[in-house]
Amino acid sequence: LPKMAFVSEIMVYPVKACQGVSIPTAQLTKEGCLMYDREWCIVDATGTRYPKMQALSLRNFPALATIETILNTENGELVLCSPGCDHPLHIKLDSSDKNEHVEVECGGASTTSAGSWHLGLLDSIHEGKHAEKWLSDYLNRPDVDPSKSKLKPARYLLLRAAAFRKLATYAGPKQKEFSPDTKLQREGLASPFRMKNVPVTEDDGMKFQDIAPLNLASQSSFRDLKKKMLQMRESPTTEELKAYSIQSFRPNIIIDGASDALKPWEEESWQKFKVGGVKFRFLKGCPRCTVPCRQHKTGKFHFKSSLLLPSKTLRKFWPEKCIDKEWEQEWQGPIFSIHIAPFFDHGNEDENLISVGASVVVEQKKKDTMLPVMGIGIGIICILLALFWRQGKQ
């Protein structure tokens, strides 16, 4: 591996909860997201099986991971494929405001507790009846969604975001006041988070992302996690561990490097850093639900010995990763990977590009809170030694 940390892969997830696409170069939008990332979502139009008009996620519908997405920018198409489907769904990348506009609820429910949150409504464009039929025919199949097979078939719509949501509404110094009232959250009058210390700017935006424009994960940290899994009582098989992919964590930017260039978990200490020519800032660690415990292309739990093995391993070996004062206590999970946002010159499109192979240079790390504590401790020891020395002379 190169001696400097570098970008090993870039992932975009055009349709929220569906499979991602690995691309060599990505353009950042003015809001800080990767172009085409989480630009579409799937909703249950009538609330027959899932919350009505809420952007579906892998948390509530794991089988969405079986839908493959293909970005064909040369032909200007997004293509969706499902297992055993002879006729893929083709969607034009050029958005058309002629289609019906609807509002999508951006929210979710925790898979680690009974907690839930709402992050407002997002104006979206209906991609048409052909997309509705394709999705409904596949997702209503009993073998695809067996837990809902006794319910009436749902009308599944494919919707494209027609706007952005401002992250500053929910996090950062100007966020709305915290309230557990989901009605106020839904109306954009309150935040479900206590994140006033997160360095959010007015430019930071999201489409159907959960809570931040971008997510960065380290292969070095992932390798360390997999090593620790082998030390668990319910350890995985060699085949399971080999097949387990960092893509189960659904990051946008994956970094790697030799052991002396990228230490496990060091990304959590970065405050400001550059990827190629683009500057980024750390927002917060990403508390994890149970989705990373699933296969990234099937949605099924990956480990047979213990379904939640990755989460259990993080909790056992790094209990500090379960302490997150910014995230509501009742649904926080162990942290893996980091939420980030760029800051760059909006007028220079060349500075808005990141590519595989780009070097990662750390410009500023978080202040080490242990240094003052160590300094105080050393000072106390020196005082005690001086007192003992004086007493000895007397």
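Everything below is about the structure printed above this text.
Cut-offs and rules
- Residues numbered from 1 in each chain as written.
- Predicted model: local features only at pLDDT ≥ 70, side-chain atom pairs only at ≥ 80, totals over all residues.
- Heavy atoms only, no water.
- Helix = DSSP H or I, 4+ residues; strand = E, 2+ residues; numbered from the N terminus.
- Buried < 20%, exposed > 50% of the residue type's maximum accessible area, 1.4 Å probe, protein only.
- Contact = heavy atoms within 4.5 Å.
- Areas by Shrake-Rupley, 256 points an atom, 1.4 Å probe, with all protein chains shown as cover.
- Pairing = 2+ DSSP bridges.
- Axes fitted to C-alpha atoms, helices over the stretch in contact; angles between N-to-C directions.
- Salt bridge = Lys/Arg side-chain N within 4 Å of Asp/Glu carboxyl O.
- Phe/Tyr/Trp six-rings, centres within 6.5 Å; stacked < 30°, edge-to-face > 60°.
- Lys NZ or Arg CZ within 6 Å of the ring centre and 35° of its normal.
- Disulfide = S-S within 2.5 Å.
- Polar contact = N/O pair within 3.5 Å; in protein donor to acceptor, adjacent residues only side chain to side chain.

Draft legend 1. A look at the overall build of the protein. Of regular secondary structure, the protein possesses six helices and 19 strands. A buried classification covers 52% of the 394 residues belonging to the protein. For the protein, the proportion of contacts with a sequence separation of at least 24, taken over those separated by at least 6, is 72%. Here the protein has roughly 19000 Å² of accessible surface; of this, 55% comes from carbon and sulfur atoms.

Draft legend 2. Molecular detail of the sheet that holds strand 2 (residues 21-23). One open sheet holds the eight strands; their spatial order is 2-1-14-13-17-16-15-19, and the pairing between them is mixed. Each edge of the open sheet carries a strand with a single partner, namely strand 2 and strand 19 (360-365). Within this sheet the neighbouring strands show an average axis-to-axis angle of 35 degrees, counted without direction. In the packing of helix 3 (residues 219-229) onto the sheet, the strands contacted are strand 1 (6-12), strand 13 (214-218), strand 14 (253-256) and strand 17 (335-343), and the crossing angle to strand 13 comes to about 55 degrees.

Draft legend 3. Seen up close, the pattern of salt bridges. Under the counting rule described, the total for this entry stands at 18 salt bridges. Among the ionic pairs, Asp37 bridges to Arg38, the shortest N-O distance being 3.2 Å. Residue class for Asp37 comes out buried when judged on its relative accessible area of 1%. The partner of Lys196 in a salt bridge is Glu177, and the shortest N-O contact between them spans 2.6 Å.

Draft legend 4. Looking closely at the sheet that holds strand 5 (residues 68-72). Strands sit in the order 5-6-7 across an open sheet of three strands; the sheet is antiparallel. The open sheet has two edge strands with one neighbour each: strand 5 and strand 7 (89-92). Neighbour-to-neighbour, the strand axes of the sheet open up by a mean angle of 20 degrees, direction not taken into account. Note that strand 5 and strand 6 (residues 77-81) share five bridges and pair antiparallel.

Draft legend 5. View of the packing of aromatic side chains. Enumeration according to the criterion identifies 14 aromatic pairs in this entry. One aromatic cluster is present, formed by Phe222, Tyr244, Phe249, Trp265, Phe303, Phe317, Trp318 and Phe336 through successive ring pairs. When the ring centre of Tyr50 is taken as reference, the NZ or CZ atom of Lys148 above it lies at 4.8 Å. Geometry around Phe301 places Arg294 over its ring, the cationic atom sitting 3.8 Å from the centre.

Draft legend 6. Structural view of the state of the cysteines. Tallied over the entire structure, the rule returns zero disulfides. In this structure Cys106 is a free cysteine whose sulfur lies 7.1 Å from that of Cys41, the closest cysteine sulfur available. Under the relative-accessibility criterion, Cys106 is labelled buried at 6%. Cys286 provides the cysteine sulfur closest to Cys289, a residue in no disulfide bond, and the two sulfurs are 8.0 Å apart. Given the relative accessible area of 18%, Cys289 is considered buried.

Draft legend 7. Focus on the environment of Asn252. Counting through the fold element by element, Asn252 comes out in the loop between helix 4 (238-243) and strand 14. On the basis of relative accessibility, which here comes to 2%, the residue Asn252 falls in the buried class. Counting along the chain gives 242 residues from Asn252 to Ile10, while the straight-line C-alpha distance between them is 5.6 Å. Setting aside anything within four residues of it in sequence, one finds Asn252 in contact with Glu9, Ile10, Met11, Tyr13, Leu34, Asp37, Arg38, Pro213, Leu214 and Asn215.

Draft legend 8. Region of the structure containing the side chain of Arg281. Mapped onto the secondary structure, Arg281 falls in strand 16 (residues 278-287). Using a relative accessible area of 7% as the deciding quantity, one classes Arg281 as buried. Engagement of the side chain of Arg281 in a polar contact is seen with the backbone oxygen of Pro199, the distance being 2.9 Å. Here Pro342 takes part through its backbone oxygen, which lies 2.9 Å from a polar atom of the side chain of Arg281. Setting aside its immediate chain neighbours within four residues, Arg281 contacts Pro199, Val200, Thr201, Asp204, Gln271, His339, Ile340, Ala341, Pro342 and Phe343.

Draft legend 9. Representation of unusual backbone geometry in the model. Although it is not a glycine, Arg38 sits at a positive phi angle of roughly 50 degrees. Looking at where Arg38 falls in the secondary structure, it is placed in the loop between strand 3 (25-27) and strand 4 (40-44). Non-glycine residue Met53 carries a positive phi angle of around 55 degrees. Using a relative accessible area of 15% as the deciding quantity, one classes Met53 as buried.

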